[in-house]
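Fold and geometry: a report
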Number of protein chains: 2
Amino acid sequence: MQKPSIPKGTRDFSPSEMSGRNYIFDTIKEVFHSFGYLPIETPAMENLATLLGKYGEEGDKLLFKILNSGDFKNNLSERDLLESNSPALGSKISEKGLRYDLTVPFARYVVQHRNEITFPFKRYQIQPVWRADRPQKGRYREFFQCDVDVIGSNSLLNEHELVKIIDNVFSRLGMDTVIRFNNRKILFGIIETLGEGGRMTEITTAIDKLEKIGYEGVLKELSERGLQEHTVDRIKPILKFEGDNTGKLNYLDEFLKSSETGQAGLIEIKQLVNYLEKDPVTADIEFDITLARGLNYYTGAIFEVKSKKIDIGSICGGGRYDDLTGIFGLEDVSGVGVSFGADRIYDIMLQLNLFPPGSEASSKIMFVNFGETYLSPVFKYLNQLRSQNISSELYPDAVKIKKQLSYANSKNIPYVGMVGEDEIKEGLITLKDMKTGEQESLNFAKLAERLTR
Amino acid sequence: MQKPSIPKGTRDFSPSEMSGRNYIFDTIKEVFHSFGYLPIETPAMENLATLLGKYGEEGDKLLFKILNSGDFKNNLSERDLLESNSPALGSKISEKGLRYDLTVPFARYVVQHRNEITFPFKRYQIQPVWRADRPQKGRYREFFQCDVDVIGSNSLLNEHELVKIIDNVFSRLGMDTVIRFNNRKILFGIIETLGEGGRMTEITTAIDKLEKIGYEGVLKELSERGLQEHTVDRIKPILKFEGDNTGKLNYLDEFLKSSETGQAGLIEIKQLVNYLEKDPVTADIEFDITLARGLNYYTGAIFEVKSKKIDIGSICGGGRYDDLTGIFGLEDVSGVGVSFGADRIYDIMLQLNLFPPGSEASSKIMFVNFGETYLSPVFKYLNQLRSQNISSELYPDAVKIKKQLSYANSKNIPYVGMVGEDEIKEGLITLKDMKTGEQESLNFAKLAERLTR
């Protein structure tokens, strides 16, 4: 006999978890729609050629690969089998992988369907992604991303719009957040000014760890990566810089005066700040020079959002990418987008008790089953309630009333309806309020009214 | 340069396709909720031990297997590599597979979570499934199932409820359907009466093909499967039987009088017919003695639904299974459920033009971008519209008006708002109706009213 289980790092979602998750997804979708974004979906499986090389070496290792179907061994030579290492053999017996994020499939989608798309293309996408990461608290091998992107427009109004979307989502969910932003061009400008322009990835990767490994940790990592002491010294004030947005901008104006890219980044940041002054948000918003974001396809603005109350890491992040579709043959299409992490948002909302009471769906009423003789009026009532989308059910078995009530109770069904001989004669329903225990007799019209309140 | 493509048998869904699909999913969910069913979700990947052997030999071959991550070749001997055939080697390098349907994961879920579940457990599940089938028109390797089941109750009221659910879904979608039903016990009774009780699977499999290969085809297949001529002769009238439900029931009363199981099936069918007389449905409903349904876990009632207008095969089907959870160690838990095929329903609705006009979501209004100077009032209007969930957008670039209008046009945005120097002075918005081309000036309150109409 098998003892049933699921693969590590994956989860089942019960009705109660689903109701919380759907509350989050529905809120996010509502906001996306209110800003004119429309949904697309892409397949769970993509060709490995689409995925490989897009997430760095580490990412390639974390792809779940699908074994070719049929007689996959057929074309393999003895040499293939014995002499290839696992990745090499893997690539011979697997052509497809599960999607790792929604951004690369989106870029693939845009290129593949470019002739059907009206640009600027505003799309959102809410689907699971899979990563063969080591499972740990809050990190899963299957999790949902909620991506919203606009592609085909360079306007910084898009960056502003995304900040507004982030603010709208978290306001509606009742979460207090800090939205941090930066610009990759500024980071590049800083690194260029330090004379290390060729080491953009290494240095940003180290800076990106500031929160995780701390100030000293980053300095150590920079030295280990071969940066000279005087260069590390010049990074120190940037890592530690405090002050308001204006203070930071003034400092950078001076620091970046010889870097064209850095200057361009500053202009972009200032424009975004200007839009946010004209049309502000309710969240805290902070220009953070040390925000780096790991993914290398970002080329302009970058964003990261955290809860102010619970330190669980980033709950939303993204940025502008100037050439994501270039890898699939469509050049010069700039896009910007952010991705909401539904799992962490769920955890925070649960911990802070932010789900609205009664958001867990259940039937509004359960009718007691007194046996065949008494079913006809109940059928009629059920049809009428359901046609008004009032969730209602009939206990399927004519068992003891106590058992039926206990079912209603454990499913949080607020009302129980009873239709026996007397009720049928009088055309009434006995309604029991499961919270107070009170019972009363009423006709169907009154019952329906009660249930829609 | 890669030419982007997706694996064969999989699909991208554009915003317009998504809007039709979501219309179907939302309708189905609405009905499920109105009957008191709640959603669960299970992981895309299941352990192969959970999946293998549940769908017959053919099904095992159609499972998509996930290559073990990391150094999967590590534990393999030279003999493993060279002497195993593909399935044997596959089972050594793969422990997980993509789910093939929602029923087996549901059974696994019920057993795994039995201590948290209140029985009878009414759940629905809408998720994609994957099968390495040969792709063809209307058959995909990734497709969505919408399953609704109640488990932990033997009552035939559940069967009746499912017929009501089917009827409700297709009524709301505007589709004319025929719901055919039968009972596996009757099929077993017939085969038992013929003295072939040991060949249930073979004979039902042959009968199941009646629509596909026709009357003569089934007879031929039965002979080929080794049935004697006089037995085949006795099946003939059953395959050809015409008449109303009462006629069929009378015929079977006689035919099955010596089969206990057959009699039990008849009692069940009569009870269901009785419920459907007390509480009828709008769809055509037909007791079909030849309906068999391929899957072997069915033990009682079976259902199949077809469109009356478009012959595309089954669009919904299911039945009762008395021991599905038994394979995972939980005995004596009977369940019944049906599954809606969203893809075929979509195809039919598209062909018959059944999607309600305007169901394709788009922004209700797009504001023209006249440049930085004129943005502030537009920001204000957008905030107010969006807070009322009125989808609205601002064209992100201050390009020629013609280009902006052409974008609104191709996205079917019904109204375009213009706020220039005069409008700002007067506190008005010039609104262009994109259908009629008419323009008028109005204040924001009037605009909002217009857009909510």
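Residues numbered from 1 in each chain as written. Chains lettered and ligands numbered in written order. Predicted model: local features only at pLDDT ≥ 70, side-chain atom pairs only at ≥ 80, totals over all residues. Heavy atoms only, no water.

1. Here we look at the packing of helix α15 (residues 375-387) of chain A against helix α7 (residues 157-173) of chain B
Following both chains from N to C, one finds α15(A) and α7(B) inclined at 30°, their axes separated by 13 Å at the closest point. For the element pair α15(A) / α7(B), the angle class is roughly parallel. The two elements α15(A) and α7(B) meet at a crossing, and its hand is right-handed. Contacts between α15(A) and α7(B) involve L375(A), F379(A), N383(A), R386(A) and S387(A) from the former and L157(B), H160(B), E161(B), K164(B) and R172(B) from the latter. Within the contact of α15(A) with α7(B), the residues separate by chemical class into 3 nonpolar, 3 polar and 4 charged. (Axes fitted to C-alpha atoms, helices over the stretch in contact; angles between N-to-C directions. Helix = DSSP H or I, 4+ residues; strand = E, 2+ residues; numbered from the N terminus. Parallel < 35°, antiparallel > 145°, perpendicular 65-115°, else oblique. Left-handed = near helix turned anticlockwise from the far one by under 90°. Contact = heavy atoms within 4.5 Å. Nonpolar A, V, L, I, M, F, W, Y, C, P; charged D, E, K, R; others polar.)

2. Side note on the pattern of salt bridges
Evaluated as defined, the whole model comprises 62 salt bridges over all chains. A salt bridge links K122(B) to E161(B); its shortest N-O distance comes to 3.1 Å. Taken together, the residues span a long stretch of sequence, with K122(B) in strand β5 (residues 121-130) and E161(B) in helix α7 at a distance of 39 residues. The residues K122(B) and E161(B) share a single accessibility class, namely buried. Salt-bridge contacts for K270(B) lead to D253(B); the nearest nitrogen and oxygen are separated by 3.1 Å. Of this pair, K270(B) sits in helix α13 (residues 260-278) while D253(B) is found in helix α12 (residues 245-255), placing the two residues 17 residues apart along the sequence. Linked by salt bridges that have partners in common, R180(A), E211(A), D288(A), R293(A), E304(A) and K306(A) make up one network. (Salt bridge = Lys/Arg side-chain N within 4 Å of Asp/Glu carboxyl O. Buried < 20%, exposed > 50% of the residue type's maximum accessible area, 1.4 Å probe, protein only.)

3. Some remarks on the sheet that holds strand β14 (residues 415-418) of chain A
Residues and elements named next belong to chain A. If you walk across this open sheet you meet the 5 strands as β13-β12-β14-β15-β16, and the pairing is mixed. Each edge of the sheet is formed by a strand with only one pairing partner; in this case those strands are β13 (392-394) and β16 (439-442). Taken over all neighbouring pairs, the strand axes of this sheet differ in orientation by 25° on average, direction set aside. Bridge count for strand β12 (residues 365-367) against β13 is 3 bridges, and the pairing is parallel. Each bridged residue has a counterpart across the sheet, and for M366 the counterpart in β13 is E393. (Pairing = 2+ DSSP bridges.)

4. Some remarks on the packing of helix α1 (residues 15-34) of chain A against helix α7 (residues 157-173) of chain A
Residues and elements named next belong to chain A. Across the interface, α1 lies against α7 with an axial gap of 9 Å and an inter-helix angle of 140°. Classified by the interaxial angle, the pair formed by α1 and α7 is oblique. Every pair of crossing elements has a handedness; the one defined by α1 and α7 is right-handed. Across from Y23, I24, T27, I28, E30, V31, F32 and S34 in α1, the residues of α7 making contact are I165, N168, V169, R172 and L173. Grouping the constituent residues of the contact of α1 with α7 by class yields 8 nonpolar, 3 polar and 2 charged.

5. With respect to the relation of the copies chain B and chain A
The transformation that overlays chain B on chain A combines an axial shift of 0.0 Å with a rotation of 180°, and the residual RMSD is 0.0 Å. Expressed as an axis order, the relation between the two copies is that of a two-fold axis. Distance from the rotation axis, computed per C-alpha, reaches its smallest value in chain B at I66(B): 2.3 Å. Comparing interface residues between copies, 100% of those in chain B also lie at the interface in chain A; the contact surface is shared. (Least-squares fit on C-alpha atoms with pLDDT ≥ 70 in both.)

6. Side note on the environment of Y374(B)
Relative to the helices and strands, Y374(B) is located in the loop between β12 (365-367) and α15 (375-387). With 45 residues separating them along the chain, Y374(B) and V419(B) place their C-alpha atoms 6.9 Å apart.

7. Thoughts on the sheet that holds strand β14 (residues 415-418) of chain B
Through backbone hydrogen bonds, the strands of a sheet pair up, either in parallel or in antiparallel fashion. All names here are of chain B. Strand order in the open sheet formed by 5 strands is β13-β12-β14-β15-β16, and the pairing between neighbours is mixed. Two strands in the sheet have a free side with no partner beyond their single neighbour: β13 (392-394) and β16 (439-442). On average, adjacent strands in this sheet sit at an angle of 25° to one another, irrespective of strand direction. Two elements, β12 and β14, share 3 bridges in a ladder whose sense is parallel. Counterpart to M366 in the pairing with β14 is V416.

8. Considering helix α10 (residues 210-224) of chain B
Residues and elements named next belong to chain B. Relative to the 21 Å expected for 15 residues at 1.5 Å per residue, α10 spans just 15 Å between its end C-alpha atoms, considerably shorter than the ideal helical length. The largest bend along α10 measures about 75° and falls at E216. Taken together, the buried positions of α10 are occupied by L210, G217, V218, L219, E221 and L222. Looking at the buried positions of α10, the neighbouring elements they touch are α9 (200-208) and α11 (229-240). One or two residues past the end of α10 sits G226, with phi positive at roughly 95°. (Expected span 1.5 Å × (residues − 1). Bend = angle between axes of the 7 residues up to and from the residue.)

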